[in-house]
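Listed below are the residues making up each chain.
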Amino acid sequence: MSNVRFGMCPLCEASCGLEVEIDSNRIVSVMGDALDPMSRGHVCAKAHALADIHNDPDRVTSPMRRHGTAWQEVSWEEALDEVADRLHSVRTRHGRNAVGLYFGNPTAHSHTALLYGATLLGALGTRSYYTANSLDGLPRMLASALMYGAATLIPIPDLDRTNHLLILGANPVVSNGSLMVAPGIRTRLQELRARGARVVVVDPRRTETAALADEHHFIRPGGDVFLLLSMLHVILAEGLDRRGALPSVDGLSPIETAVERYTPERVADAIGMSEETIRVLARSFAQAEHAVCYGRLGACTQSFGTLCCWLIDVLNIVTGNFDRGGGAMFPRPAADVSAPLRRLGLTNNFGRWRSHGRSLPELNNEVPVGSLAADIETAGPDQVRALVLHAGNPVLSVPNGRRVERAIASLEFTVAIDIYINESTRLADVILPPSFGLERPQYPLLFAPMAVRNYAKYVDAIVEAPPGTRHDWEIMRDLSLRMLERRGALGRVAAAGTSAVSRFLEPEDILSTAIRLGPYGRGLNPLAKGLSLESLKANPHGVDLGPLTPWLLDFMRARKQVVDLAPRPLLEDLARAQAWLDASTEVAAVESSELLLIGRRDPRTNNSWLHNVDAMTRGRDRCTLVIHPGDAASRGIENGTRVRVGSKVGNVEVAAELSDEVMRGVVSLPHGWGHGRTGTKLSVANERPGASANDIIDDAWLDELSGCSVLSGVPVTVERA
Ligand SMILES: Nc1nc2c(c(=O)[nH]1)N[C@H]1C(S)=C(S)[C@@H](COP(=O)(O)OP(=O)(O)OC[C@H]3O[C@@H](n4cnc5c(=O)[nH]c(N)nc54)[C@H](O)[C@@H]3O)O[C@H]1N2
Ligand SMILES: Nc1nc2c(c(=O)[nH]1)N[C@H]1C(S)=C(S)[C@@H](COP(=O)(O)OP(=O)(O)OC[C@H]3O[C@@H](n4cnc5c(=O)[nH]c(N)nc54)[C@H](O)[C@@H]3O)O[C@H]1N2
Ligand code: SF4
Ligand SMILES: [Mo]
């Protein structure tokens, strides 16, 4: 007999509420939950993939050990012991930094993995700690650490109340939003425009989001920093700022000095925008009653990503649109596990150590993954010789993926905690299979703090995980205990302590305490009214906690802190941007044979790993190179022509798709493809392999300040294959 249960989609930040029909342990249908106060019934095509992955015959459902090219099933005890022995052996011989740890993107979508990830990192005690954040939001976090003293304070656009939304380098209509939890974004943007607000998109590609906007302007990839400097120049020069109403900030006068030289005349040609457009963008933003500039991946994972994130905030602040309704705001989540760390000043550590192979700076313990291959290849005391890979596919997701592939293959030992034998995990010695998606409880621990409304929601597991799997957090716990136990008497004491604590502090216990002690919680009084894990469980649709309210500036004032508008490392990094501007004006005069590569997301993809679901990849080829007809003509390229796209690090061959949706000089290729490699078990994905954008993205490119990989605006050559 089938019945209906309520769940949450773990695939992207939108975390949509689901109404799931199940029959025994089979997912019959997945629909949007109309009663979810955030997603209001919205789901995208990908939600249906949850059922396919749950049942995917290619899924790993028992621990596996590799012998050459063959995999052998082993028991959990045997697998965990072997992993702990091998990691411990590397650690004993080469030191703790010789064991690397990588958390991929889905780690962020499992609150239980997040809570126990810290335990695993603690047990490994390694400085060779990487996450997908250094392919994504690292510059944003560094800007926050430098300006507000906390990397976790991410300004979120108050989407539902703004009058003017300026979007730089984001395509939320396809991505469903990032560092902005706003499920059903298409409807929200339509509602926004229906009440008279303007949406302006700045992007080298006329995107699906641009199609819904009032205005779209092309910009040369990497040019945003100069657009922002120049907009600030116009606003300050024309007295359009709201300095009278500015909160307690430091550093307005260094900003005035810094932007002085960036007149629209100076930057326009280099960024491919007219002077008049820059002026109009600045004036309309400053004159709107409530405006907010929202920048995401395209503005973040580029050469000047940290500068962009900083200047976006400066723009919001000087126009009076910061920590104020309709502007950039800071949600108040029900469970804010980073708040105690923030209070202790533990979320603004930067550069305490540097990565071994490329000397990239640490931010709150993690070093940029752009250093991983070099950390493995470079001899020395901290050389990485073993790797723990959790929910990541760096072979496809990190620039110069072929180098990453060779590096991981050369390791002494690798363990992957993953649901698939994919391009990265096939290189592991042992794979430990976790539960997935609707097979475990969910709470948006990382995403409620980024939502455009305050809300909370907890859902239980809806279906049972395959019998041979374990939850991510259990795997992390058991691995941590075994690692500690191997470290002599002290280690055994630590293991016993961790084991005892973890019995009382399972993820649900931690979550329950955090909610109780949070801003809406019952506190320690059992009779008091307020939010608790139990009350959330009783309402699986979720609870609306109201619109965003201002709090950060008061909080900082009470602690005698001020927003630093002009942190020194950022001012200094402007020199690097200036050098780019000087060089680019010279280059612009020459007809360049190189084109600038940008990415593109498809509504049915999720980075590298939904391609094994037939319904997500069926039909037209999605891994094409979009090129402007003008750039195609001079190369003899027509629609459908196979082209070779190349750079210093490699070549790929894909079909060309001619369209003026990209600006002249820019080509677009999606990432996450490049399947069909020997040893993978992805029967559907391997039939439609596509090519990996990261096989041609040169890893030499970095946002040098943060060390974040550059995914956008890298030069490539394009010719007929
Ligand atoms: N060129 C280019 N490269 C990019 C990007 C780009 O735009 N352009 N985008 C970047 C971005 S934003 C990101 S976030 C990264 C992502 O980079 P990664 O996180 O390295 O890669 P994913 O493709 O997300 O792979 C996720 C892996 O997790 C596994 N998985 C799924 N669910 C679970 C689970 O519940 N538990 C466990 N243990 N495993 C699970 C999947 O099988 C898959 O192997 O890629 C980045 N790379
Ligand atoms: N369907 C789908 N949804 C996803 C994902 C997916 O793979 N598929 N991945 C998820 C993940 S992990 C993330 S982090 C989010 C990312 O979500 P978004 O931040 O919305 O990222 P993208 O959709 O890649 O959009 C980035 C935009 O930046 C533009 N761009 C590139 N370079 C520049 C530049 O120099 N300047 C400017 N102004 N624009 C530029 C690109 O053309 C593109 O339109 O999406 C999430 N949602
Ligand atoms: S937008 Fe789609 S993928 Fe993202 S949470 Fe909602 S249903 Fe899942
Ligand atoms: Mo991401």
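Because the structure is a prediction, the values reported are computed rather than measured. (Residues numbered from 1 in each chain as written. Chains lettered and ligands numbered in written order. Predicted model: local features only at pLDDT ≥ 70, side-chain atom pairs only at ≥ 80, totals over all residues. Heavy atoms only, no water.)

Asks: Explanation requested: the site of ligand 1 in the structure shown.
Replies: Residues in close proximity to ligand 1 total 32 residues, the closest being Tyr102, Asn105, Asp418, Asn422 and Ser608. Between ligand 1 and Asn105 there is a distance of 2.6 Å, counted from an oxygen atom to a backbone nitrogen or oxygen. One of the backbone N or O atoms of Asn393 is found 3.0 Å from an oxygen atom in ligand 1. Class assignment for the residues of the shell around ligand 1 results in 15 nonpolar, 12 polar and five charged. (Near = heavy atom within 4 Å. Polar contact = N/O pair within 3.5 Å; in protein donor to acceptor, adjacent residues only side chain to side chain. Nonpolar A, V, L, I, M, F, W, Y, C, P; charged D, E, K, R; others polar.)

Asks: Would you take a moment to explain the nonpolar core for this structure?
Replies: The nonpolar side chains of a soluble globular protein tend to be buried, and buried together. Among the nonpolar cores identified, the biggest contains 106 residues, and Leu166, Phe226, Leu227 and Trp310 are the most heavily contacted of them. When residues no more than four places from it in sequence are discounted, the contact partners of Phe226 are Tyr262, Val267, Ile271, Ala577, Gln578, Trp580 and Leu581. (Core = buried A, V, L, I, M, F, W, Y, C linked by side-chain atoms within 4.5 Å. Buried < 20%, exposed > 50% of the residue type's maximum accessible area, 1.4 Å probe, protein only. Contact = heavy atoms within 4.5 Å.)

Asks: Hey, could you run me through the pairing of strand β15 (residues 350–354) in this one?
Replies: Here is the key point about a regular strand: its side chains alternate between the two faces of the sheet. Bridge count for β15 against strand β16 (residues 361–363) is two bridges, and the pairing is antiparallel. Residue Arg354 lies in a different strand from β16, and its bridge partner there is Pro361. Hairpin connection of β15 to β16: six residues between the antiparallel strands, including Ser359 at a positive phi of 55 degrees. (Pairing = 2+ DSSP bridges. Helix = DSSP H or I, 4+ residues; strand = E, 2+ residues; numbered from the N terminus.)

Asks: Whenever I open this one, the site of ligand 3 confuses me. Can you help?
Replies: Around ligand 3 lies a shell formed by Cys9, Leu11, Cys12, Ala14, Ser15, Cys16, Val43, Cys44, Lys46, Ala47 and Asn176. Per-class residue counts for the shell around ligand 3 are eight nonpolar, two polar and one charged.

Asks: Which parts of the structure should I look at to understand the state of the cysteines?
Replies: Applying the stated criterion across every chain, the model contains zero disulfides. With no disulfide of its own, Cys300 lies 3.8 Å from the sulfur of Cys309, the closest cysteine sulfur. Accessibility expressed as a relative area gives 2% for Cys300, which makes it buried. Of the cysteine sulfurs around Cys308, a residue in no disulfide, the closest is that of Cys309, at 6.7 Å. When its relative accessible area of 0% is taken as the criterion, Cys308 is described as buried. (Disulfide = S-S within 2.5 Å.)

Asks: Help me understand the sheet that holds strand β26 (residues 650–658) in this model?
Replies: Within a beta sheet, neighbouring strands are joined by backbone hydrogen bonds and run either parallel or antiparallel to one another. Taken together, six strands build a closed barrel; the order of strands is β23-β27-β24-β26-β25-β30 and the barrel is mixed. When strand polarity is set aside, the average angle formed by the axes of neighbouring strands in this sheet is 45 degrees. In the sheet, strand β23 (residues 595–598) pairs with strand β27 (residues 666–668) via three bridges, with the strands oriented parallel. From the neighbouring strand, Leu597 faces β27, where its bridge partner is Val667. (Axes fitted to C-alpha atoms, helices over the stretch in contact; angles between N-to-C directions.)

Asks: Would you explain helix α9 (residues 264–271) in this entry?
Replies: Counting along an α-helix, one turn takes 3.6 residues, and residues three or four places apart therefore face a common direction. Every buried residue belonging to α9 is among Pro264, Val267, Ala268, Ala270 and Ile271, and all of these are buried. Directly beyond the C-terminal end of α9, a positive phi value near 70 degrees is found at Gly272.

Asks: Help me understand the packing of helix α7 (residues 224–237) against helix α10 (residues 275–287), please; the structure alone is not making it clear to me.
Replies: Packed helix pairs are characterised by how far apart their axes lie and by the angle those axes make with each other. Viewed as axis vectors pointing N to C, α7 and α10 meet at an angle of 65 degrees, and their least axial separation amounts to 9 Å. Classified by chirality, the crossing of α10 by α7 is right-handed. Judged by residue contacts, Leu227, Ser230, Met231, Val234 and Ile235 of α7 engage Ile278, Arg279, Leu281, Ala282, Arg283, Phe285 and Ala286 from α10. Its residues assigned to classes, the contact of α7 with α10 shows nine nonpolar, one polar and two charged. (Left-handed = near helix turned anticlockwise from the far one by under 90°.)

Asks: When you look at the domain arrangement of the protein in this model, what are you seeing that I'm missing?
Replies: Where the parts come together, the accessible area they lose is often given as the size of the interface. Along its sequence, the protein is carved into domain 1 (2–54), domain 2 (64–136 + 351–442 + 458–504), domain 3 (158–324 + 563–569) and domain 4 (590–720). The straight-line distance from the C-alpha centre of domain 1 to that of domain 3 is 34 Å. Across the boundary between the two partners, domain 1 contributes nine residues, which contact 11 residues of domain 3. Here domain 1 packs against domain 3, burying approximately 870 Å² in sum over the two surfaces, 49% of which is carbon and sulfur. Broken down residue by residue, the surface that domain 1 buries against domain 3 is led by Glu13, Met38 and Arg40, which jointly contribute 57%. One can count one salt bridge joining domain 1 with domain 3. One salt bridge connects Glu191 with Arg40, and the closest N-O pair in it is separated by 3.5 Å. Linking domain 1 to domain 3 there are four residue pairs in polar contact (both at pLDDT 80 or more). Split by residue class, the side of domain 1 that touches domain 3 holds five nonpolar, two polar and two charged. (Domains from an automatic or database assignment. Buried area = accessible area lost by both parts, 1.4 Å probe. Salt bridge = Lys/Arg side-chain N within 4 Å of Asp/Glu carboxyl O.)

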